[in-house]
Amino acid sequence: GESFDAVLTAAISPDQRMLVTGDPSRLVKVYSIADGSLQHRIKKHTDWVTAVSYSPDGVLLATADRAGNLHIWEAESLAPFYTLEGHKAAVTDMSWRSDSNVLATSDEEGQVMLWDMNSGSRVKNWGAHNGGTLSVAFAQNGQLVTAGRDKQVKHWDQGGKQLRAFESLSDVAVDGDLTYDANKVIGAGWAGETYVWN
């Protein structure tokens, strides 16, 4: 990946043609999967690039950094689409709703924010975890799961109402997700443990 430091984030386009990465160089790099060649460099970010993600329909690409900057690009041309303002701390993760119309982002202040792609506006935000929210994931049914520095994994409805907070992990909760059928929540902790809850 021509990176001289750790690759902090990576995503594959839905058509599996392109790979995008982010790292401390502040560059977003887009590669062809077919031959590994570097196709584009995006130089918009002012700090480490901490999160990248293609929308499920492949139309948009979201990128974010340690300074809280969040940008949306047209995936094919990489033309600027939106600059979304609201995060005051490092963006830690992002997840698209399955219809590609809403993007969820999380940050080190503990916030989760939902962004509407039709208007470019923030439609909802809430404090999810004390000390920082490290992970956010949309399920197929539109519900969300988050994980945070408070050692917890939490389950939310589409409007940000907490449905359940699971028992605390032994260390920081670094990731959480719902299974495809939304019947189980999976959480992972800094100590190397993985949890599954009904």
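We now turn to the structure provided with this report.

### Quick notes on the overall build of the protein chain
And step 1. When you go through the protein chain residue by residue, the secondary structure sums to zero helices and 19 strands.
And step 2. Relative to the compact-globule value of 16 Å for 198 residues, the protein chain shows a C-alpha radius of gyration of 16 Å, a close match.
And step 3. Taken over the C-alpha atoms alone, the protein chain extends approximately 45 × 35 × 30 Å along its principal axes.
And step 4. Put simply, the protein chain has 198 residues, and 49% of those count as buried.
And step 5. Pairs at least 24 apart in sequence give 32% of the contacts found in the protein chain among residues at least 6 apart.
And step 6. Taking the average place of the 17 positive charges on the side chains of the protein chain and the average place of its 25 negative ones, the gap between the two points comes to 4 Å.

### Details of the sheet that holds strand β18 (residues 185-189)
And step 1. Reading across the sheet, the three strands line up as β17-β18-β19 and stay open at both edges, with antiparallel pairing between neighbours. Looking at the sheet topology across the chains shown, the edges are occupied by β17 (173-178) and β19 (194-197). For this sheet, the mean inter-axis angle between neighbouring strands, taken without regard to orientation, is 15 degrees.
And step 2. Bridging between β17 and β18 involves five bridges; their strand directions are antiparallel. When the sheet's bridge partners are listed, Leu178 is paired in β18 with Val185.

### Observations regarding the side chain of Ser106
And step 1. Structurally, Ser106 can be placed in strand β10 (residues 102-107).
And step 2. When its relative accessible area of 0% is taken as the criterion, Ser106 is described as buried.
And step 3. Here Thr92 takes part through its side chain, which lies 2.7 Å from a polar atom of the side chain of Ser106.
And step 4. Sequence-distant contacts of Ser106, defined by excluding residues within four places in its chain, comprise His87, Ala90, Val91, Thr92, Asp93, Gln111, Val112, Thr133, Leu134, Ser135 and Val136.

### Overview of the pattern of salt bridges
And step 1. Taken as a whole and judged by the stated rule, the model has seven salt bridges.
And step 2. As a salt-bridge pair, Lys29 and Asp23 come within 3.6 Å of each other at their nearest N and O atoms. Each member of the pair Lys29 and Asp23 is classed as buried.
And step 3. The salt bridge involving Glu108 is made with Arg149; its shortest N-O contact spans 2.8 Å. Taken as a pair, Glu108 in the loop between β10 and β11 (111-116) and Arg149 in the loop between β14 (144-148) and β15 (153-156) lie far apart in primary sequence, 41 residues in all.
And step 4. A relative accessible area of 27% means that Glu108 is categorised as partly exposed.
And step 5. Looking at Arg149, the relative accessible area reads 39%, which means it is partly exposed.
And step 6. What emerges from the salt-bridge pattern is a single network uniting Asp15, Arg17 and Glu76.

Here is what the cut-offs are and how they apply
Residues numbered from 1 in each chain as written. Predicted model: local features only at pLDDT ≥ 70, side-chain atom pairs only at ≥ 80, totals over all residues. Heavy atoms only, no water. Helix = DSSP H or I, 4+ residues; strand = E, 2+ residues; numbered from the N terminus. Rg over C-alpha atoms; globule rule 2.2 N^0.38 Å. Buried < 20%, exposed > 50% of the residue type's maximum accessible area, 1.4 Å probe, protein only. Contact = heavy atoms within 4.5 Å. Lys, Arg positive; Asp, Glu negative; His and termini not counted. Charge placed at Lys NZ, Arg CZ, Asp CG, Glu CD. Pairing = 2+ DSSP bridges. Axes fitted to C-alpha atoms, helices over the stretch in contact; angles between N-to-C directions. Polar contact = N/O pair within 3.5 Å; in protein donor to acceptor, adjacent residues only side chain to side chain. Salt bridge = Lys/Arg side-chain N within 4 Å of Asp/Glu carboxyl O.

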